[in-house]
Amino acid sequence: MTDHERHLGLYRQMQLIRRFEEEAARAYAQGKIGGFLHLYIGQEAIAVGAVAALSASDYVLTTYRDHGLALARGMSPRTAMSELFGKATGCSQGLGGSMHFFDVEHNMLGGYGIVGGHLPIAAGTAFASKYRGDGRVSVVFFGEGAASIGDCHEAMALSALWKLPVIFVCENNQYAMGTPLTRTLANDDVTARAAGYGMASDRFVCENVHQVMEHFDLAIKRARELSEPTLMEIRTYRHRGHSMSDPGKYRTAEEVEEHKRRDPLVVSRTALEKAGLGDKLTELDASVETEVQDAIKFADDSPEPGPELLAATTYKGAFAR
Amino acid sequence: MSGPTKSVRFREAIRMGMVEEMERDDRVYIVGEEVGHYQGAYKVTEGMLEKFGPKRVIDAPITESGFTGISIGAAMVGLRPIVEYMTWNFSAVAFDQILNNAAKMRQMSGGQLHVPIVFRAPNASAKQVGSQHSHAMEHFYAHVPGLKVVAPATCADAKGLMKTAIRDDDPVLYMESETLYNLKGDVPEDPEFTVPFGKASVARQGGDVTIVSWSRMVHVSLQAAEELAKEGLDVEVIDLRSLRPLDEEALVANVSKTHRAVVAYEGWPYGGVGAEVVDRIQRLAFDELDAPIERVTTLDYPMPYNAKLEQHVIPSAERVIEAVKRVAYRSA
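Residues take numbers from 1 onward in each chain, read along the sequence in its written order. Written order determines the labels here, with chains lettered from A and ligands numbered from 1. Selection of residues for local features in this predicted model requires a pLDDT of at least 70, selection of side-chain atom pairs for listing and counting requires 80 or more, and totals for whole chains, interfaces and linings are taken over all residues. To obtain the side-chain values, all non-hydrogen atoms of the structure were included, while hydrogens and water were left out.

Draft legend 1. Examining the sheet that holds strand β11 (residues 235-239) of chain B more closely. Residue and element names in this part refer to chain B. The criterion for strand pairing is that DSSP finds at least two bridges linking the strands in question. A run of H or I in DSSP counts as a helix once it spans at least four residues, and a run of E counts as a strand once it spans at least two, with each numbered from the N terminus. Ordered by their spatial adjacency, five strands build an open sheet running β9-β11-β10-β13-β14, and the pairing between neighbours is mixed. Strand pairing shows two members of the sheet lacking a second neighbour, β9 (201-204) and β14 (294-296), which therefore form its edges. Averaged over all adjacent pairs, the angle separating strand axes in this sheet is 30 degrees, with direction ignored. The pairing of strand β10 (residues 209-213) with β11 spans five bridges and is parallel. Residue V209 lies in a different strand from β11, and its bridge partner there is V235. Helix axes are fitted to C-alpha atoms over the stretch in contact, other axes to C-alpha atoms as well, and angles between N-to-C directions run from 0 to 180 degrees.

Draft legend 2. Region of interest: the interface of chain A and chain B. Contacts between chain A and chain B engage 36 residues on the former and 49 residues on the latter. In this description, buried area is defined as the sum, over both parts, of the accessible area (probe of 1.4 Å) that is lost when the two are combined. Of the roughly 3,400 Å² buried between chain A and chain B on both sides combined, carbon and sulfur atoms contribute 64%. Contact with chain B buries surface across chain A, with Y131, Y315 and R321 of chain A losing the most and accounting together for 20% of the total. What makes a salt bridge here is a side-chain nitrogen of Lys or Arg within 4 Å of a carboxyl oxygen of Asp or Glu, nothing more. Linking chain A with chain B are one salt bridge. Residue D169 of chain B is joined to K316 of chain A by a salt bridge in which the shortest nitrogen-to-oxygen separation is 2.5 Å. In the analysis that follows, any N or O atom pair within 3.5 Å is treated as a polar contact, provided that within protein one partner can donate a hydrogen and the other can accept it, and provided that, for residues neighboring in sequence, both atoms belong to side chains. Put simply, chain A and chain B have 25 residue pairs in polar contact (both at pLDDT 80 or more) between them. Elements with a minimum of two residues in the side of chain A that touches chain B: α5 (119-132) and α6 (150-161) of chain A. The contact criterion used throughout is that any non-hydrogen atoms of two residues lie within 4.5 Å.

Draft legend 3. Fine view of helix α1 (residues 10-24) of chain B. All names here are of chain B. Helix span, as expected, comes to 1.5 Å for every residue beyond the first. Over its 15 residues, α1 runs 21 Å from end to end, which matches the ideal 21 Å to within 8%, given 1.5 Å per residue. Working definition: with a 1.4 Å probe on protein chains only, accessible area under 20% of the residue-type maximum means buried, over 50% means exposed, and in between means partly exposed. Of all 15 residues making up α1, 12 are buried, and the element is well covered by its neighbours. Taken as a whole, α1 has its buried residues at F10, R11, A13, I14, R15, M16, G17, M18, V19, E20, E21 and M22.

Draft legend 4. Seen up close, the packing of aromatic side chains. Residues and elements named next belong to chain B. Pairing of aromatic side chains requires ring centres within 6.5 Å, counting the rings of Phe and Tyr and the six-membered ring of Trp. Pairs whose planes differ by under 30 degrees are stacked, by over 60 edge-to-face, and all others tilted. By the definition in use, this model includes 16 aromatic pairs over all chains. With a centroid separation of 5.7 Å and 35 degrees between ring planes, the pair formed by Y42 and Y181 is classed as tilted. Residue Y42 is found in the loop between β2 (28-32) and α2 (48-52), and its partner Y181 is found in the loop between β7 (172-176) and β8 (184-188); the two are separated by 139 residues along the sequence. Given a relative accessible area of 1%, Y181 falls into the buried group.

Draft legend 5. Here's a closer look at empty space enclosed by the protein. All names here are of chain B. Think of a 1 Å grid over the protein atoms and nothing else: a 1.4 Å probe that fits but is trapped marks a cavity, an open set flanked by protein within 12 Å on at least five of seven lines marks a pocket, and residues with an atom within 4 Å of a point count as lining. Grid points are joined across faces, edges and corners, and a volume is the space filled by probe spheres set on the points. Within this structure, the stated rule accounts for one cavity of 30 Å³ or more. Quantified by volume, the largest cavity comes out at close to 70 Å³. In terms of lining residues, the largest cavity is bounded by N123, A124, E138, E176, W214, S215, R216, M217, Y265 and E266. Amino acid classes used here: Ala, Val, Leu, Ile, Met, Phe, Trp, Tyr, Cys and Pro are nonpolar; Asp, Glu, Lys and Arg are charged; the rest, including Gly, are polar. Class assignment of the residues belonging to the lining of the largest cavity gives a composition of four nonpolar, two polar and four charged.

Spatial relationships are all this shows, so hold off on functional conclusions.
Given below as structure tokens:
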């Protein structure tokens, strides 16, 4: 595969996530999706870059802002959209919703709704890999809003102590829901605490997908070869509000526009256009469009789960009542 | 019980269950504070580090939420952890992990993942350890669908329920009692001896009144029953053993025999497992009842330190006796 071909592949994944979520937002407005819907728009390069650097057998876990990672990992847009629509054909059979995307086949071990509560879980999947010696790496994504909660600290302290092959990735999008970084962290360098745990760290501003891949290559090597954790902080920006109910009034239009100009998806697109691949991009965009529309139609047409599913997904075998 | 048995203490019976299952399945490990080098805060894990090594008997720093979450994560991808808390009281700081991750993983993943894990610790009152160290935590956990809760009162059940818990594919919370650790009893040596969940046992046969109980309070209820026998009341004592699932059939069958019931347990009176037992009996065996069901519980206060006040608050044989007499209409 040439560098251009690889870049086109990464571009397509980012574009798929972007268009999937834009259409999900539309479906939400139409009442087809309920509850919460947290969009990843603006941050796609991180999930796509990380997944490109990982092996298919590595474990990934993330927050409730989980559509991007699931799609990057290989979940089909049909399965993903069906979950948002609460349909039986969704990844979690319509029982999880937007915040709980799980895809065991692709080692995407969940989207979690309790801030910071999934960091110990990821340390645990890494613990199991070390216990078995299976060489897998676990990667867990969280926001800077999770950086102050207890489970974040305990997961990192234990991972460093027990030398677990896990990468903690703080996607610092600069707002914990509506609260800016300046009002959540006294030291806005999240990686500063890595020294306290005796853990390696890496900190950078996300500019493009290749840069993300390169940073992950190092952390993955450290985890896989040395069985040592890394705390990574990536400055990024979400273009939309925290969730669909958030108009984002706590930041200025100028600030949002400034970040949109530096959008890693646009960066990729521009680079590929400059390389003379404009026709190829048009073709890819069209195929993404077809795939997303197909996902919407598939989700619309899919059946809803029935109550018989509830007991079977609460306990194995006889219900413990 | 058939086959050869061995007389052991309650803590050894728990250990036998764990050791046998660790020998049987190398995916089983134990983690907790002081479980290894210190040999267990209550010596339940004594000798296990020497037997299995530090890979499978893991000392954790004081990070209940951390090592609970880590073990849940490990269970999701195929290991079968045993998590020891120094006491169940300290599980409160790991409650989110148990409630939101262990209990719900199967459902929120649409059945793709499950969490075969055992959480175990001494539970409820010990002796003058004050309000923060005396909680009966089964009531909090039995409320949660996705969890199973067991509480043995005998050495044989301690071993058999532990083995069943480790072999179960869902999260099991195993409630011990510091006051029972020195109890002696015969346990089967057969490594295939297990005790099924959801089956109560009859700790004492009698025809006049049924006392429903579990864990340490089974022994208090038996003591009460001996006293009552002297006064001509023939009391049956049911040991639930398993709180979720609950043995409805045994409750109905028994109350259909005695027509009177007292539920005796540690824990506050507002809601809880005891209230659930009462609800099941009145709903399923209403026509069999000759008296309202009474509950003998921990009094509705945080546990006091003072020895006499503590004994006042903990459910006693005297209070059980009074309740049995009331439901038998034998009050003085």
